[in-house]
2 protein chains.
Amino acid sequence: MTVTDRPGPGDAIASASSLPSEGRTRVVIEDVGPSIDGGRFPIKRVVGETVVVECDAFADGHDEIAVRLRHRRAGTADWRETPMVALGNDRFRGSFEAEAVGRHEYAVVGWIDRFGTWRRDLRARLEADQDVSIDVRIGADLVDAAAAGASVDDRAALERWAYRLRADEAAASNRARDALQPALAELIAGNDPRPFATQGEPILEVVVDPVHARFGTWYELFPRSTSPDAGRHGTFRDVIARLPYVVDLGFDVLYLPPIHPIGRQFRKGANNSTEPEPGAPGVPWAIGGLEGGHTAIHPELGTLDDFHALVDAAADRGVRIALDLAFQASPDHPFVRDHPSWFRARPDGTIQYAENPPKKYQDIYPFDFETEDWRGLWAGLLDVTRFWIRQGVRIFRVDNPHTKPFGFWEWFIGEIKASDPDVLFLAEAFTRPKVMYRLAKLGFSQSYTYFTWRTTTTDLRDYFTELTAPPVRDFFRPNVWPNTPDILHETLQVGGRSAFQARFVLAATLAASYGIYGPAFELGERVPREPGSEEYLHSEKYEIRHWDLESHASIAPLIRRVNAIRHAHPALQTNDGLAFHETGDDQVLAYTKRAPARHGHDGRDAGDGDEDVILAVVTLEPQGRRSVAIDLPVGELGLDPQRPVQADDLLRGGTIVWHDGRATISLDPADCPAAILHLRSAAADRAAGSAG
Amino acid sequence: MTVTDRPGPGDAIASASSLPSEGRTRVVIEDVGPSIDGGRFPIKRVVGETVVVECDAFADGHDEIAVRLRHRRAGTADWRETPMVALGNDRFRGSFEAEAVGRHEYAVVGWIDRFGTWRRDLRARLEADQDVSIDVRIGADLVDAAAAGASVDDRAALERWAYRLRADEAAASNRARDALQPALAELIAGNDPRPFATQGEPILEVVVDPVHARFGTWYELFPRSTSPDAGRHGTFRDVIARLPYVVDLGFDVLYLPPIHPIGRQFRKGANNSTEPEPGAPGVPWAIGGLEGGHTAIHPELGTLDDFHALVDAAADRGVRIALDLAFQASPDHPFVRDHPSWFRARPDGTIQYAENPPKKYQDIYPFDFETEDWRGLWAGLLDVTRFWIRQGVRIFRVDNPHTKPFGFWEWFIGEIKASDPDVLFLAEAFTRPKVMYRLAKLGFSQSYTYFTWRTTTTDLRDYFTELTAPPVRDFFRPNVWPNTPDILHETLQVGGRSAFQARFVLAATLAASYGIYGPAFELGERVPREPGSEEYLHSEKYEIRHWDLESHASIAPLIRRVNAIRHAHPALQTNDGLAFHETGDDQVLAYTKRAPARHGHDGRDAGDGDEDVILAVVTLEPQGRRSVAIDLPVGELGLDPQRPVQADDLLRGGTIVWHDGRATISLDPADCPAAILHLRSAAADRAAGSAG
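So, here is what we can say about the structure in this document. Every value quoted in this text rests on a predicted model; they were computed, and no experiment measured them.

**Some words on the pairing of strand E30 (residues 674–681) of chain A**
Residue and element names in this part refer to chain A.
So, step 1. Judged by how many residues are buried, E30 sits mostly within the fold: eight of eight residues are covered.
So, step 2. Across the two faces of E30 the burial is the same, with Ala674, Ile676, His678 and Arg680 and Ala675, Leu677, Leu679 and Ser681 all buried.
So, step 3. In the sheet, strand E25 (residues 611–619) pairs with E30 via six bridges, with the strands oriented antiparallel. Each residue of the ladder has a partner; that of Ile614, found in E30, is His678.
So, step 4. Taken together, the five bridges between strand E27 (residues 645–649) and E30 define a ladder with antiparallel strand orientation. Across the sheet, the residue bridging to Val645 is Ser681, located in E30.

Dropping the structure here:
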């Protein structure tokens, strides 16, 4: 080694480039959560939910620190603050309530608590009988500093404290003991000058939606199939007539496939035939004809006035209308003529139709999001959506969002929610997991899921565990469907009535939001177009159907009962509080859901707690009675571990009392493959009575 | 519901506020790692290590994407790129080598692979015998686009391809098949115009250190105790004379406690007495006297020339000198006179000494980092450090960094490493986990650990699992010490020679960097100041000691042997590749370490692989023979699962052959409580021979 540069001591040259603007910021705020991708995206909550925030906070040395959680409506200046509580290991927790629909911000702020440190040290000095005459003078200076920025009343009080600390007619130790009073600490806490405070970065965001963004019960139908007269095209007036049926079954969102004029060029016929039968009604997703595009109504459904009547009639019954946003065009769409640059031209001058080579979908033109006029295209699609919002639509089911750029959706949803924060978007992206999650992160209020294809106990358990745990639970709200017009799963094709019942109960109790495509679902429609296909034979996508709602095969009674249970039980209105339990039978899934009871203790039964607890048990095997025993973690469920569990059987009626947390359930798929039970701690006398 | 605003269709107003500058960026890059706190801090590597980067990357729709990893030296403009390989599920992986000491940047870039998409679709069309006459024209346009930005040679080649694609004397299907040749795809890949590419944000950083930042063998001694003459103050010349001993034992870093003048006011005596005996040498950490401060040398140790001689003599033997940076002052430090504002004044005009109420440390003045002149203080401390760097010191052990602001250290280490990127800092922060990790994240090259207090098999296993797994492994480099001048753990006080041996082997084989405070350690110094204390009786912090290096009690032979094993085996030079194995005995810890062998297959033995695999087995119970059987996961260790395992016993000599991966080990703490074995796949003939 050669030391080439060895000046003597003392002649080092100060280097102070890249100095921070303030070097005395000593508190570190780390790992603030919940947050999505380091704060790149907002978390989601609904009105009335609590945002529980945790972070690490610490400083150098041994000084005490003060840590507060602050939140505000986005775009406003003033923070509201709540204290954060130390959990140990430098972890802090605080919370605030999501009070209003819209975008809100939150952050953690921390600073050296000089007075708290002084107070802690003073106490130690007093206990050791040390001289504290200097310390009370230091304390008086701290009180002065707080007084300087305090309100008039507090300032006067603080100045009195400072005077007492300095008043040397009393022994310093007495003045010190006096200054340990909580009253002074509280006065300082409200007026702490917060020297060199740190605010966690970046500021985090939460999008607060209406409650029905979390808890909703969806019903999808094709309006054109709602005519009571076979052979006649259904209308919005027919849909109005169908509303009592929908409401009676307990649904509160009615989702309609596209209601716009349908293209004629390359129109498809029954069962996706490229040679349509005469009078074929076409596919509603082939949007646009001579009658207009995305803001027009298919003439056979009625007029815009009829649509308004439907929206109003539904609203009167507590039902929201959800429309389909399918951003694509038929070759007859007015956009093709008016905005040719929004589509991709091929070298021969034709327009590029949708493809998945070698498959061709010549009845659909996708928009070219790489168009030079992308700004015009984006604005046009926003216009379409704002139009329907003005017609009273506040929920949109978005068709195939994963085939349009992510950046478009982030802007689009942001624009809509800036003016109409209660509007919700359901992402119909049946695609790869990371794509689905990205769409949820960037703003979709709800998302379709893989539920339809999760058909084993292990798969269901794994999937719903993932969906209900952080970070997914904070940005992705599942809306689960046992069927859709595109998906008739093999389970339903082969499992008979029991499979429909099981899949229905799973959907309605595993997730706070679910939907069915009816009447196909409740009537047990189950024939595929061909073996191995998930397409319906005689799918309503291509044909008008007429349904016998009075069929004895309908499972409408079960649907009505389960939806009533969902409305009565807060545990089924949230995706939190889900826990799976071993049944010892790989065909039987058991899970509990729990949530705070809506009205707390009602005093009616000593066994009632403040928790609403539901146990669901479902056999996935469509035939054969199954009996299982489940060891319930009674204490973890918020029930009294010292008392038996009383289970009210909400589907079959009756009440069972289980001892030692051991639940025994027998299911007969010939009757119903599922049980839904409301769990409570049994009253002491009942317990004694049943114990013998 | 009342719909208040219902204009007719078509009059929606375009809203295009908050549009992005480019809306056609379609590729998403997410979850790029390794990264620390979302890229807030750099990861760490040493020269020659590989940075393996993974990310999620995807686009809307079904287009193919191209994904590349780019890296560059920080502050330079040009990226170097390597391809990333698709792992499935939208995950990609690539890597680059940390080639040079300093700060480097890396990022992922992705774009729609238009040509790749075209090629994939073209293949599908050809397989379905579709007309491709339009497609070859589209392909020719894509080739033209690549040609436009290509180098002269590539442009000519691409233009020839475009001509061939358009040359309609050949059938379109033949031209299409021609265009599927890999040569064209490669030509395009090298000249892709990358429309609307996405670069992952933020750009991530890696600090590349010299190899000895990862693999180092430290020895701490008090220079004043190195005199061979009892009663004489040791000097740097004595330390030079001690170097052969240090080198013979296999150490390559010699760490010296502070070498500066020691304060006289409130000087401490033996065993931390506040009433020092006459001639008490004082505590080296009470820095500063009439003779100078942090850039001066304690006169009794020698001169700056003597120090230079020590640095050079050490370097000649492959030993680096590590100095102590203790940023605090004795009351006699020149800074107290020259920079009174760097200390906190009390109301009575005195300077605030160090305290942990009710304890007082009047011999130490901490710097007041909340001083108005914090810029001057920071610059002063940087000057001190640069001074010693100019004297040839490239490693600093930083005393109590957790009592100075985090922001100071981030700036300070950044400044030093900007000019001297090979300089290393070891953080002596024995404090709470999050504080220790923050210091590591913000720049400390190595960190002291909780190893000393991890004394059970469970605790050791849990702790080293945490340290060697992401994210900790990417920012925190452990330097583990069985003892320090401050810490004589109870295990050593009561466990006798066997405890010293066990703790030594654990330190030297669990971590790539470790150190001992000697000669106290190798000589088995084990008497505490009082029962329950971790302080040494007659600690060298307060007294000059003289050590009998020739003592028969010394475990120097074991240390020499183990350090030689460390130097011979790459597996012990990294913290990667650590795995713990069940022994069935909660007092016996077994673990393997593996790394690529330095020179690959040496051909000497058919059983040698390209992996260096070490098995260490240590009993924590200081008395009584223990025998354990361990089921080695032979395949996971990179050994041939079809062949027996041959274990060379590196401490006791001899070779054992184990069949079916079952290792049997017997340890006698009266001899040595640890075994270190080099594992290989046994040669076929040997295996056959041993099998009978």
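More follows now that the structure is in view.
**Here's the deal with helix H3 (residues 152–166) of chain B**
Residues and elements named next belong to chain B.
So, step 1. With 15 residues, H3 should reach 21 Å at 1.5 Å per residue; the first-to-last C-alpha distance of 21 Å fits that figure.
So, step 2. When H3 is considered as a whole, its buried residues turn out to be Ala157, Leu158, Trp161, Ala162 and Leu165. With its buried residues spanning 140 degrees around the axis, H3 presents them on a single face. Among the exposed residues of H3, those pointing more than 90 degrees away from its buried face are Val152, Asp153, Arg160 and Tyr163.
So, step 3. For H3, the secondary structure elements touched by its buried residues are helix H1 (114–127), helix H2 (133–148), helix H4 (172–179) and helix H5 (182–189).

**What to know about the relation of the copies chain B and chain A**
In this arrangement, two copies of a chain are superimposed by a rotation about an axis accompanied by a shift along the axis.
So, step 1. Relative to chain A, chain B is turned by 180 degrees and slid 0.0 Å along the rotation axis, the superposed coordinates differing by an RMSD of 0.0 Å. Taken together, the rotation and translation relating the two chain copies correspond to the operation of a two-fold axis. When C-alpha distances to the rotation axis are compared across chain B, the minimum falls at Gly38 of chain B, with a value of 3.1 Å.
So, step 2. Comparing contact sets, 100% of the residues at the interface of chain B also lie at the interface in chain A, consistent with an isologous, same-surface contact.

**Observations regarding the nonpolar core**
So, step 1. Ranked by size, the top nonpolar core spans 161 residues in total, and within it Leu254, Phe307, Trp388, Phe412, Phe425, Phe464 and Phe504 of chain B carry the most contacts.
So, step 2. With 10 residues, the top contributor of residues to this core is helix H14 (residues 490–510) of chain B.
So, step 3. Beyond its immediate stretch of four places on either side in the chain, Phe464 of chain B contacts Phe451, Val480, Leu510, Ala511, Leu578 and Phe580 of chain B.
So, step 4. Core analysis: the second largest hydrophobic core is formed by 160 residues, Leu69, Leu221, Ile287 and Ala507 of chain A among them.

**Quick word on empty space enclosed by the protein**
Residues and elements named next belong to chain A.
So, step 1. A full pass over the atoms with the stated rule returns five cavities of 30 Å³ or more.
So, step 2. Computed from the structure, the largest cavity encloses a volume of approximately 170 Å³.
So, step 3. Taken together, 13 residues line the largest cavity, and the ones lying closest to its centre are Glu49, Arg214, Arg473, Asn575 and Asp576.
So, step 4. It is strand E2 (residues 43–46) that provides the largest number of residues to the lining of the largest cavity, a total of three residues.

**Section: the pattern of salt bridges**
All names here are of chain A.
So, step 1. Per the counting criterion, the structure on display carries 123 salt bridges over all chains.
So, step 2. Put simply, Glu105 and Arg72 hold a salt bridge, and the shortest N to O gap is 2.7 Å. One end of the pair, Glu105, is in strand E8 (residues 102–112); the other, Arg72, is in strand E4 (residues 65–73), with 33 residues separating them in the sequence. Both residues of the pair, Glu105 and Arg72, count as buried.
So, step 3. Taking the shortest distance from any N to any O, the salt bridge between Asp248 and Arg560 comes out at 2.9 Å. One end of the pair, Asp248, is in helix H6 (residues 236–248); the other, Arg560, is in helix H15 (residues 556–568), with 312 residues separating them in the sequence.
So, step 4. Note on Asp248: relative accessible area 42%, which makes it partly exposed.

Rules used throughout
Residues numbered from 1 in each chain as written. Chains lettered and ligands numbered in written order. Predicted model: local features only at pLDDT ≥ 70, side-chain atom pairs only at ≥ 80, totals over all residues. Heavy atoms only, no water. Buried < 20%, exposed > 50% of the residue type's maximum accessible area, 1.4 Å probe, protein only. Helix = DSSP H or I, 4+ residues; strand = E, 2+ residues; numbered from the N terminus. Pairing = 2+ DSSP bridges. Expected span 1.5 Å × (residues − 1). Arc of directions from axis to C-beta. Contact = heavy atoms within 4.5 Å. Least-squares fit on C-alpha atoms with pLDDT ≥ 70 in both. Core = buried A, V, L, I, M, F, W, Y, C linked by side-chain atoms within 4.5 Å. 1 Å grid on protein atoms, 1.4 Å probe; cavity = no way out; pocket = protein on both sides within 12 Å on 5 of 7 lines; lining within 4 Å. Points joined across faces, edges and corners; volume = space filled by probe spheres on them. Salt bridge = Lys/Arg side-chain N within 4 Å of Asp/Glu carboxyl O.

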